[in-house]
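Report on the structure
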Amino acid sequence: MSSPSFPDFKFTEMNNEEKISSIGRSLLNRRSFMKNSGFSVGALGLAQLLAKDSLLGASDPTSFTGKSPIRPNIDPDNPYSPRDAHFDPPAKQVLVIFCPGAVSHVDTFDYKPDLAKYHGQKPPGLPAVTFEGPSGNIAKPFWDFKPRGQSGKMISDLIPNLGELADDFCFLHALHTQTSAHPQGENFLNTGFTMEGFPSFGAWVTYALGSENEELPAFVAINDPRGLALSGKNNFGNGFLPAAFQGTDFSAKNPPANLKRPDSYSHADDRSTIGLLETLNGKHFEKFPDDANLAARIASYELAGKMQSSIPDVMDIKNEPASIHKLYGTDSGTELKREYAKNCILARRLIEKGVRVVQLFNGSDPSGGNGITNWDSHSNIDKTHAMQAEIMDQPTAGLIQDLKSRGLLKDTLVVWCTEFGRMPFLQGNGTGRDHNPDAFTCFFAGAGVKKGYSYGESDNFGFKSVSGKSTVYDFNATILHLMGLDHERLSFYHNGLERRLTNVHGHVINSVIA
């Protein structure tokens, strides 16, 4: 006896079959429905058996790793108050020096003799086309490399001042990333995701640890004198974390906006207005004690009031000794170099004051970059990289040397980084190097890391990472670890998921830890 069949029919509201997707139509088919149901029932049964034998992962659905999340106990009235780390941290503060545009590792820190050996040739296996078009031939470094310091680390003449500090640095030579596009690369390095809307590294750290200084922001982003980087404020934004943990951006040239009291407004008027606002905010917060955004706004206003006196003090770099200005280079070179040097002095003063996270930018992107406003050297790399290095080298080296001489590197981790590297061969135009996501170099210095040490290697051309390969997730996991934070447990519940800086990836690079 044949099986009965359902009569053919269509929903009266949907005369056009294209309004139902192919997947939707398959669900209206009896055989497909029974097959899918069978698979689902089988999967449920398997899950029950595995759970019975303790063969499933963590029973806690919020934890991918089996580790329970550690959420900081944040006082809504004082979200910036200092909080304990997950474990005793080597570093209490972190200074991130970010060079957007992609610094060429093969022209700075990653010495590859084979580039000179095969200069002008195109060995088999190199791609015919890269990010911006046809590729050219292998090109030797545009600057000579020399051994530096007691370690003999080979560093190029492009950055001689940083080269002198080689014995203080811990290099990571086998980093690789997920993208070769600048906006996504900046996002990925600074937030752990290529998409926008996720919290920045600095926001995660201040969310977890707060700050030791109650009169300055816990997280300060010092923009390049030329403006914001390509991903803008996403590089130091709070994403879905409470608004209190976003970075406050200002520079030696541009102080925080709206702090100065108008001349027509007396100090007494100012205090009276602030008192009234505190009263109104307090009454409103009593009605809505769980409103995190309101608490963040109130805390932000209170901090702004304190910053009216603390910011002028911390930004008073003119009274620094002449020896400091000479060390950083505020009195020599181009105007951009002098302004960046002042930003470096500001960064040191913020670290001295106990600011938890300072992010210092060397490069911007107001009009496309291409080696003019940042390190993105698709043409004339010999000129454009030289221009950027003139701005970055002496002030950055002066900053690190100054931190060291004041004993601040004992508790401060310095991170020098860029979003990806550049190719060992030229582009079709014969004068620039294209983006390279498969190998690039960054370095650490200061608290908790080895000195005069290099970890990982790229291949003979600096084209791909081959040993000690480290992802951006590993890179960020290691920085969090050095700040006393377990990257697998520092999370925030958002839209049904426990979100982390490292997503569900990342391992601490233990080899670089002192």
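The numbers attached to residues start from 1 for each chain and follow its sequence in the written order. For a predicted model such as this one, the threshold for reporting local features is a pLDDT of at least 70, and the threshold for listing and counting side-chain atom pairs is 80 or more; totals across whole chains, interfaces and linings nevertheless cover every residue. In computing side-chain values, all of the structure's heavy atoms are included and hydrogens and water are not.

**Some points on the pairing of strand 6 (residues 169-176)**
- Relative accessibility under 20% of the residue-type maximum defines a buried residue, over 50% an exposed one, and the middle range a partly exposed one, all with a 1.4 Å probe and only protein chains included. Strands are runs of DSSP state E lasting at least two residues, helices are runs of H or I lasting at least four, and both sets are numbered from the N terminus onward. Of all 8 residues making up strand 6, 7 are buried, and the element is well covered by its neighbours.
- Only when DSSP finds a minimum of two bridges between them are two strands counted as paired. Bridge count between strand 6 and strand 13 (residues 440-446): 5 bridges; the pairing is antiparallel. Following the sheet pairing, C170 is matched in strand 13 by F444.
- Inspection of the sheet shows strand 6 paired to strand 14 (residues 453-455) by 3 bridges, in the parallel sense. For C170, the partnering residue across the bridge sits in strand 14 and is Y453.
- Pairing of strand 6 with strand 17 (residues 470-471), which is carried by 2 bridges, proceeds in the parallel orientation. If you follow H176 over to strand 17, its bridge partner there is T471.

**Side note on the nonpolar core**
- We call a set of buried Ala, Val, Leu, Ile, Met, Phe, Trp, Tyr and Cys residues a nonpolar core when their side-chain atoms join them within 4.5 Å. By size, the foremost hydrophobic cluster in this structure holds 57 residues, and its most contacted members are L95, L350 and L399.
- The element best represented in this core is helix 10 (residues 335-352), accounting for 8 residues.
- Counting 52 residues, the second largest nonpolar core, distinct from the first, contains C170, L175, A203 and F240.

**Quick notes on the environment of S309**
- The residue S309 is located in helix 8 (residues 292-314) in this model.
- Residue S309 is classed as exposed on the basis of its relative accessible area of 52%.
- In this structure the C-alpha to C-alpha distance between S309 and L259, which are 50 residues apart in sequence, comes to 9.2 Å.
- As used in this structure description, the phrase polar contact means that two N or O atoms lie within 3.5 Å; if the pair is within protein, one of them must be able to donate a hydrogen and the other to accept it, and residues adjacent in sequence are counted only when both atoms belong to side chains. Engagement of the side chain of S309 in a polar contact is seen with the backbone oxygen of K306, the distance being 3.1 Å.

**Thoughts on the packing of helix 10 against helix 11 (residues 381-405)**
- Packing of helix 10 against helix 11 leaves a shortest axis separation of 9 Å and a crossing angle of 20°. Relative to helix 11, helix 10 is oriented roughly parallel. In this structure, the crossing between helix 10 and helix 11 has a hand that is right-handed. Packed against helix 10, whose contacting residues are L336, K337, Y340, A341, C344, A347, R348 and I351, the element helix 11 presents E390, I391, M392, Q394, P395, T396, L399, D402 and L403 at the interface. Comment: axis = line fitted to C-alpha atoms, over the contacting stretch for helices; angle = value between 0 and 180 degrees taken between N-to-C directions. When describing relative orientation, an angle under 35 degrees is termed roughly parallel and one over 145 degrees roughly antiparallel, while 65 to 115 degrees is termed roughly perpendicular and anything else oblique. In a left-handed crossing the near helix is turned counterclockwise from the far helix by less than a right angle, and in a right-handed crossing that turn is clockwise. In what follows, a contact means two residues having at least one pair of non-hydrogen atoms within 4.5 Å.

**Things to note about unusual backbone geometry**
- The backbone of N495 shows a phi angle near 50°, a positive value even though the residue is not glycine.
- For N495, the location among the structural elements is in the loop between strand 18 (492-494) and strand 19 (497-499).
- Despite not being glycine, N503 has its phi angle at roughly 55°, a positive value.
- By the element assignment, N503 lies in the segment after strand 19.

**Looking at the sheet that holds strand 3 (residues 133-138)**
- Judged by pairing direction, the sheet is antiparallel, and its 4 strands sit side by side in the order 2-3-11-12 without closing on themselves. Every interior strand has two partners, whereas the edge strands, strand 2 (129-130) and strand 12 (433-436), have only one.

**Details of the packing of aromatic side chains**
- Only centres within 6.5 Å qualify two rings of Phe, Tyr or Trp (six-membered ring in Trp) as a pair; their planes then separate them into stacked at under 30 degrees, edge-to-face at over 60, and tilted for everything else. Evaluation of the coordinates by the stated rule reveals 21 aromatic pairs.
- Ring geometry for Y118 against F461: centres 5.7 Å apart, planes inclined by 70°, an arrangement best described as edge-to-face. Of the two residues, Y118 sits in the loop between helix 3 (113-117) and strand 2 while F461 sits in the loop between strand 15 (457-458) and strand 16 (465-467), which places them 343 residues apart along the sequence.
- By relative accessible area, which is 15% here, F461 ends up buried.
- Relative to Y473, the ring of F188 lies with its centre 5.1 Å away and its plane at 85°, an arrangement referred to as edge-to-face. Taken together, the residues span a long stretch of sequence, with F188 in helix 5 (residues 182-191) and Y473 in helix 12 (residues 472-482) at a distance of 285 residues. With respect to burial, F188 and Y473 carry one shared label: buried.
- By way of ring pairs, the aromatic residues F193, F198, W204, Y207, F240, F245 and F492 are connected into one cluster.
- Charges are assigned to positions over rings by a cutoff of 6 Å between ring centre and Lys NZ or Arg CZ, combined with an angular limit of 35 degrees from the ring normal. The lysine or arginine in question, K153, covers the ring of F171, its NZ or CZ lying 4.8 Å from the ring centre.
- The ring of Y453 carries the charged tip of K450 above its face, separated from the ring centre by 4.6 Å.

**Considering the pairing of strand 13**
- Among the 7 residues that make up strand 13, 7 are buried, leaving the element largely enclosed by the rest of the structure.
- Of the strand pairs in this sheet, strand 10 (residues 412-417) and strand 13 are connected by 4 bridges, and their pairing is antiparallel. In the strand pairing of strand 13, L413 is matched with G446.

**What to know about helix 6 (residues 201-209)**
- Counting buried residues in helix 6 gives 9 out of 9 residues, a clear majority hidden from the surface.
- Restricting attention to buried positions, one finds in helix 6 the residues F201, G202, A203, W204, V205, T206, Y207, A208 and L209.
- G210 sits one or two positions beyond helix 6 and adopts a positive phi of about 65°.

**Re the side chain of N213**
- Considering the arrangement of structural elements, one finds N213 in the loop between helix 6 and strand 7 (219-222).
- Judged by its relative accessible area of 14%, N213 falls in the buried class.
- A polar atom in the side chain of N213 sits 2.7 Å from the backbone nitrogen of E215.
- Polar side-chain contacts of N213 include one of 2.7 Å to the backbone oxygen of K353.
- If we ignore the near neighbours within four places in the chain, the residues touching N213 are K353 and G354.

**Quick look at the side chain of Q359**
- Its place among the elements puts Q359 in strand 9 (residues 357-361).
- By relative accessible area, Q359 is classed as buried at 5%.
- In contact with Q359, other than residues within four places in its own chain, are V96, N190, F219, V220, A221, I222, N235 and F236.

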